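Survey of secondary and tertiary structure
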Amino acid sequence: MIFPNRLCLSAMAGINDWEFAKKFDAGFVILGGFNADRKSMEAGVKAVKRGRREFIFSDPISGIKKQLENALSSGKIIGINIRSATLEGYISAARLASEFNAVIEINAHCRQPEFLEIGCGQSLLFNQEKLVKIVEISSKYADTIVKIRGGLKVDYGLLSQSIFDSGAFMIHVDAMLPKKGADYKLVRKVSETGSVIGNNSVRDVESARKMIESGAKLVSLARKALQDKDIFKKLLMDDILASKIEVV
Ligand SMILES: Cc1cc2nc3c(=O)[nH]c(=O)nc-3n(C[C@H](O)[C@H](O)[C@H](O)COP(=O)(O)O)c2cc1C
């Protein structure tokens, strides 16, 4: 897959719909996170009740489909960040992604209790057998990325290798170090096993270039996009960040 530049808008549940994402000049935009089955949608409703933002759809897959229809013909590479309590939810989302030539990103990152309780998000990092099954089946239908979180008691080298062996073509790593910014060593480690999107605390050319220098093929950001609508324009002034890249 050829990415038109090295920049990616990272998922933000309840925020990254197409209306929001289309304003940014990243070559790759990830919509969602979305909940792909009934149980994960119920967890989303609970999270909203305690003040979190979530996309709530009466029919999860139709809701995601509408978003992809809106993004069609934008010329950008589109991803959908997905949580599901069931394998069927991931399969439906992967089929949908394939129908729209989009990428599916399996959310093994979210740490909200409502989702952990039902085996979604970060809990998949501690149930790698399940994660492998999800990636194997998802990658039969669509190009699959797995979004992981750093800073946990996990062997990231082994985890990454098994994610790539299961068929994922990229790992999106939120290299978060609690209260310390980004863990570039983790980006390096995961990059040694395959192609990586480096994420966490990217806010300017310097921090974005550090991700690339640590081995990431692409760089993503989320929070900075909420503060500066021109952030990607600014990053694209840099030749490396603006350059095309092929990820196989
Ligand atoms: C409001 C908000 C909602 C988020 N929702 C999701 C989500 O649904 N799925 C996901 O994988 N990451 C989600 N994230 C995490 C971001 O994609 C990103 O990994 C994290 O914020 C670190 O990157 P940053 O330092 O550029 O913000 C969310 C972040 C924020 C701030």
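Details of the structure are given in the entry above.
Considerations on the overall build of the protein chain
Across its full length, the protein chain carries twelve helices and twelve strands. Principal axes of the C-alpha set define a box for the protein chain whose edges measure 45 × 40 × 35 Å. Per-residue burial for the protein chain yields a buried fraction of 47% across its 248 residues. Summarising the internal contacts of the protein chain: among those between residues at least 6 apart in sequence, 66% fall at separations of at least 24.

With respect to the sheet that holds strand 3 (residues 28-35)
Taken in spatial order, the eight strands of this closed barrel run 2-3-4-5-6-7-10-11, and their pairing is parallel. Neighbouring strand axes in the sheet, compared pairwise and without regard to direction, differ in orientation by 25° on average. For strand 2 (residues 7-9) and strand 3, the ladder comprises two bridges, and the chain directions are parallel. Counterpart to leucine 9 in the pairing with strand 3 is valine 29. Along the sheet, helix 6 (residues 128-141) makes contact with strand 5 (103-108) and strand 6 (144-149), crossing strand 5 at roughly 175°.

Points about the site of the ligand
The environment of the ligand is made up of 21 residues, and the closest members are Ser10, Ala13, Gly33, Ala222 and Arg223. Every element with two or more residues in the shell around the ligand is listed here: strand 3 and helix 10 (223-227). Along the lines of polarity and charge, the residues of the shell around the ligand split into eight nonpolar, nine polar and four charged.

Comments concerning the environment of leucine 125
Following the sequence through the fold, leucine 125 ends up in the loop between helix 5 (113-116) and helix 6. Classification of leucine 125 as partly exposed rests on a count of 18 C-beta atoms within 10 Å. Between the C-alpha atom of leucine 125 and that of phenylalanine 28, which follows or precedes it by 97 residues, the distance is 25 Å. Each residue touching leucine 125, except ones within four places of it in the same chain, is listed here: Ala108, Ile148, Leu152, Val154 and Leu159.

Considerations on unusual backbone geometry
Here glycine 32 and glycine 33 are connected by a cis peptide whose omega angle stands at 10°. As for its placement among the helices and strands, glycine 33 is situated in strand 3. Positive phi values are uncommon outside glycine, yet lysine 179 reaches one of about 60°. Mapped onto the secondary structure, lysine 179 falls in the loop between strand 8 (176-177) and strand 9 (181-182). Although it is not a glycine, serine 201 sits at a positive phi angle of roughly 60°. Within the secondary structure, serine 201 sits in the loop between strand 10 (196-199) and helix 9 (205-213).

Calculation rules
- Residues numbered from 1 in each chain as written.
- Predicted model: local features only at pLDDT ≥ 70, side-chain atom pairs only at ≥ 80, totals over all residues.
- Helix = DSSP H or I, 4+ residues; strand = E, 2+ residues; numbered from the N terminus.
- Buried ≥ 20, exposed ≤ 12 C-beta atoms within 10 Å, placed from the backbone.
- Contact = placed C-beta atoms within 7 Å.
- Pairing = 2+ DSSP bridges.
- Axes fitted to C-alpha atoms, helices over the stretch in contact; angles between N-to-C directions.
- Near = placed C-beta within 6 Å.
- Nonpolar A, V, L, I, M, F, W, Y, C, P; charged D, E, K, R; others polar.

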